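Next come the chains, spelled out residue by residue.
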Amino acid sequence: MNSNRKILLVDDEQEFREITGKFLLRRNLQSLQAESCMAALDLLAQESEQVDVIIMDVSMPGMDGISCMAEIKKSWPDKEVIILTGHASLQISISGMKQGAFDYCMKPVDYAELLEKILLAREFQNRERGK
Amino acid sequence: MIRKIYRDIRRVLLIVTIIVPMIPFLSSLFLGYTSYRNFVYTAAISGAERVAQGHAALISSFLEERRSHLGTILFTTAISSLRQSENLAVIFEALCRNSDSFIDIGLINADGVQISYAGPYQLEGKNYSKSLWFQQALTQGSAISDVYLGYRQKAHFTVAVSAVIDGEQLVLRATVDQNLFGSLVEKVNLGKTGEAYLVNQQGILQTSVRSGGKLLDHDPPKETERYIYVTASLNDGAWFLTVRQSIQEIYQDLSKVVWRIIFICFIGGFFIILLAVWISNKIIAMIAAKEQERTDMEKQLFRASRLAELGEISAGFAHEINNPLQIMKSEIALMEIEAKELDKHNVTADFTDSVAELNRQIDRCGAITRSILDFSRKKDSSDSFSIDIKEFLYDMRKMISHRAESSGIHISCTVPSDLPKAKGDSDGLQQVTLNIMNNAIQSIEEKHGSENGELRLSANITEEKQIEILIEDNGKGISAENLEKIFNPFFTTKLPGKGTGLGLSVSHSIMSGMNGSISARSKEGQGATFILRLPVL
């Protein structure tokens, strides 16, 4: 069932979205892409069932990633969010975690680490659903 | 420029602080002087008036006594006896024994003819009918004449009394010794320069004036700028006694007062100037201190704004660098996948090594941008809140326990239960503590491998009422040379690609931002202790 689920990539950098999508695909993970928080909310409104894990950049024009995550959690509390921060600092990551993020990665992202965290998020999600 | 402004302010302050007290000071001295001068003058006038009145009374008494003597003779002596010059001479001799002021005496009939005479001159038979004193004596009963020369051509004056005896009006007259009378008048007790003289109604001197003015001359013009003058009338208003005194004598004591005033002026002025200089210097010092404070504050603000600017630049820089780094990393990740597939077709090991090295260098760049960002992002101490150090340290131990256990490191934590809460930002303290603990774990791993590692966390309160957190390890320690540099930015002892050299300088910056401090002590090969201090809440 999970193999049909997709990863939602929310980042204003198109190149990052594309290359990360390509990488995930090489690891047999399907992904959707949104360039802003509003686009992500629209996409989730249409295809929320297809998405299980969201990779969210913190620094984006308009609504920032932490606020966007809070909005998503209001409507889809079961979605797990991994936050990415280019403005790397422990405080931002801690703040994201306190507001419900599953985990965080600092840019530039180590893909092995990201992949591991995506899989952990899925496992956690499955456990939670199985309860 | 600033020094010139201070000089100008000091000059103005000096002028104001000298002139302002000087005006009332000198005014009061001047008023005191003029009041005293007026008082001296008034006192002198009053004194002269008293002397003049007393002296006039004395002279009047003298004249009255002479008139009385003549009256007694006229009324008590037989006229027949008085008509005989020989008898009159006897009477005159007796009179002179009582009063030595008479020169001669004569009896005059109603026609003004002197019928008998006793004295040094030949005046018997002389006619005085035209003399004013004779006429006055006939009409008023007695008279005292002005000073005149008369038949003898010598200055004198006459005292005369008249009476009607046995139906005949007779006048008994006597001449008063002008020298004796003059010395009586002049003998006035009024300082060294005080003198007295008589003038009649026509302004003719009836006595000489000691300081210049002959008998029967006109009264000299009054020198009011040199003398004070006081007058008193006598002889039924016919004469005026004038008493005068030198103004210089009156004011001779005033010069002593003037010298005292000048002395007070000098002493007072000296103290005023001294005080003015002291006050001016004090105020200038205060202004300079305030100005320095303001300049320091401006410098701090400038530094703060530059740091904020640096923070913004760094944030932009990090963002801009991180994005291409991310793309590079992503491409490498894909290349690795491709390489693994290609490996099946004999791709060289060198390619794999190169990709790994690229990854390491990109990670290093990413770590540097993160650290630069953290370093520039100084936290304001106003974000303070309380930290329960016991709870905090136990949480920190928990956070790194998995990694520490895998390296065989035992972590102990000792915190007194009554330790007060610290004032600070827990996120900042977490970052600092994690950084030190990660360094400690690496140091222990380098010395002990995966056995016998010790990491001790403890806290206490210092005598200065600060919370002190100690993080001690038994790792490889830090050399004395490096210990001086560990908080400098970009200083690292780690291998290339393993450390940015910013962790401890960022920690130092965070602790300073919380009004705290960080320090370290260590000996090479014997572990290290990091000491964090925070204010008590």
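Coordinates for the structure precede this section.
Here the structure is a predicted model, which means the values were calculated and not measured.

## Regarding the pattern of salt bridges
Piece 1. Going through the model one piece at a time under the given rule, you end up with 25 salt bridges over all chains.
Piece 2. The salt bridge involving lysine 107 of chain A is made with aspartate 57 of chain A; its shortest N-O contact spans 3.5 Å. Of this pair, lysine 107 of chain A sits in the loop between β5 (103-106) and α5 (111-130) while aspartate 57 of chain A sits in strand β3 (residues 51-57), placing them 50 residues apart in sequence.
Piece 3. The exposure class assigned to aspartate 57 of chain A is buried, which follows from its relative accessible area of 1%.
Piece 4. The salt bridge involving arginine 83 of chain B is made with glutamate 168 of chain B; its shortest N-O contact spans 2.0 Å. Linking arginine 83 of chain B in helix α2 (residues 79-83) with glutamate 168 of chain B in strand β5 (residues 168-176), this pair joins segments that are 85 residues apart in sequence.

## Re the nonpolar core
The tendency in soluble globular proteins is for nonpolar side chains to be buried side by side.
Residue and element names in this part refer to chain B.
Piece 1. Leu63, Leu74, Ile105, Phe157, Leu172, Phe181 and Leu241 are the most contacted members of the largest nonpolar core, which has 51 residues in total.
Piece 2. At 12 residues, the largest contribution of residues to this core is made by helix α1 (residues 2-76).
Piece 3. The residues touching leucine 241, leaving out its near neighbours within four places in the chain, are Ala52, His55, Ala56, Ile59, Val185, Ala196, Tyr197, Leu198, Val230, Thr231, Ala232 and Leu234.
Piece 4. Val432, Leu434, Leu455 and Ala459 belong to the second-largest nonpolar core, a separate cluster that totals 39 residues.

## Thoughts on the packing of helix α10 (residues 426-448) of chain B against helix α12 (residues 503-513) of chain B
All names here are of chain B.
Piece 1. Viewed as axis vectors pointing N to C, α10 and α12 meet at an angle of 150 degrees, and their least axial separation amounts to 9 Å. Comparing the axis directions of α10 and α12 gives the class roughly antiparallel. Remark: the crossing between α10 and α12 carries left-handed chirality. In this structure, α10 uses Gly428, Leu429, Gln431, Val432, Asn435, Ile436 and Asn439 to contact α12, whose residues at the interface are Gly503, Leu504, Val506, Ser507, Ile510 and Met511.
Piece 2. Across the contact of α10 with α12, the residue classes break down as seven nonpolar, six polar and no charged.

## Let's talk about the interface of chain A and chain B
Piece 1. Contacts between the two partners involve 24 residues from chain A and, on the opposite side, 28 residues from chain B.
Piece 2. The contact between chain A and chain B buries some 2,300 Å² in all, and 59% of this surface belongs to carbon and sulfur atoms.
Piece 3. The residue aspartate 110 of chain A makes a salt bridge to lysine 329 of chain B at a minimum N-O spacing of 3.9 Å.
Piece 4. Taken together, chain A and chain B are joined by two residue pairs in polar contact (both at pLDDT 80 or more).
Piece 5. Breaking the side of chain A that touches chain B down by element, the ones donating at least two residues are α1 (14-26) and α4 (90-98) of chain A.
Piece 6. If you tally residues by element for the side of chain A that touches chain B, the top one is α1 of chain A, at seven residues.

## Digging into the state of the cysteines
Residues and elements named next belong to chain A.
Piece 1. Following the criterion strictly, the structure yields one disulfide over all chains and no others.
Piece 2. A disulfide bridge connects cysteine 37 with cysteine 68, and the sulfur atoms are separated by 2.4 Å. Handedness here is read from the sign of the S-S torsion; for cysteine 37 and cysteine 68, about 100 degrees, the answer is right-handed. Of this pair, cysteine 37 sits in helix α2 (residues 37-47) while cysteine 68 sits in helix α3 (residues 65-75), and the two are 31 residues apart along the sequence. The burial state of cysteine 37 is the same as that of cysteine 68; both residues are buried.

## What to know about the sheet that holds strand β8 (residues 239-246) of chain B
Residues and elements named next belong to chain B.
Piece 1. Pairing in this open sheet of three strands is antiparallel, and the strands run β6-β8-β7 from one edge to the other. The open sheet is flanked by β6 (195-200) and β7 (227-234), the only strands paired with a single partner. Here the strands of the sheet are splayed against their neighbours by 25 degrees on average, with no regard to which way each runs.
Piece 2. Relative to β8, β6 is paired through six bridges, and the arrangement is antiparallel. In the strand pairing of β8, asparagine 200 is matched with tryptophan 239.
Piece 3. Relative to β6, helix α5 (residues 178-186) is tilted by about 125 degrees, and along the sheet it contacts β6 and β8.

Criteria and thresholds
- Residues numbered from 1 in each chain as written.
- Chains lettered and ligands numbered in written order.
- Predicted model: local features only at pLDDT ≥ 70, side-chain atom pairs only at ≥ 80, totals over all residues.
- Heavy atoms only, no water.
- Salt bridge = Lys/Arg side-chain N within 4 Å of Asp/Glu carboxyl O.
- Helix = DSSP H or I, 4+ residues; strand = E, 2+ residues; numbered from the N terminus.
- Buried < 20%, exposed > 50% of the residue type's maximum accessible area, 1.4 Å probe, protein only.
- Core = buried A, V, L, I, M, F, W, Y, C linked by side-chain atoms within 4.5 Å.
- Contact = heavy atoms within 4.5 Å.
- Axes fitted to C-alpha atoms, helices over the stretch in contact; angles between N-to-C directions.
- Parallel < 35°, antiparallel > 145°, perpendicular 65-115°, else oblique.
- Left-handed = near helix turned anticlockwise from the far one by under 90°.
- Nonpolar A, V, L, I, M, F, W, Y, C, P; charged D, E, K, R; others polar.
- Buried area = accessible area lost by both parts, 1.4 Å probe.
- Polar contact = N/O pair within 3.5 Å; in protein donor to acceptor, adjacent residues only side chain to side chain.
- Disulfide = S-S within 2.5 Å.
- Pairing = 2+ DSSP bridges.

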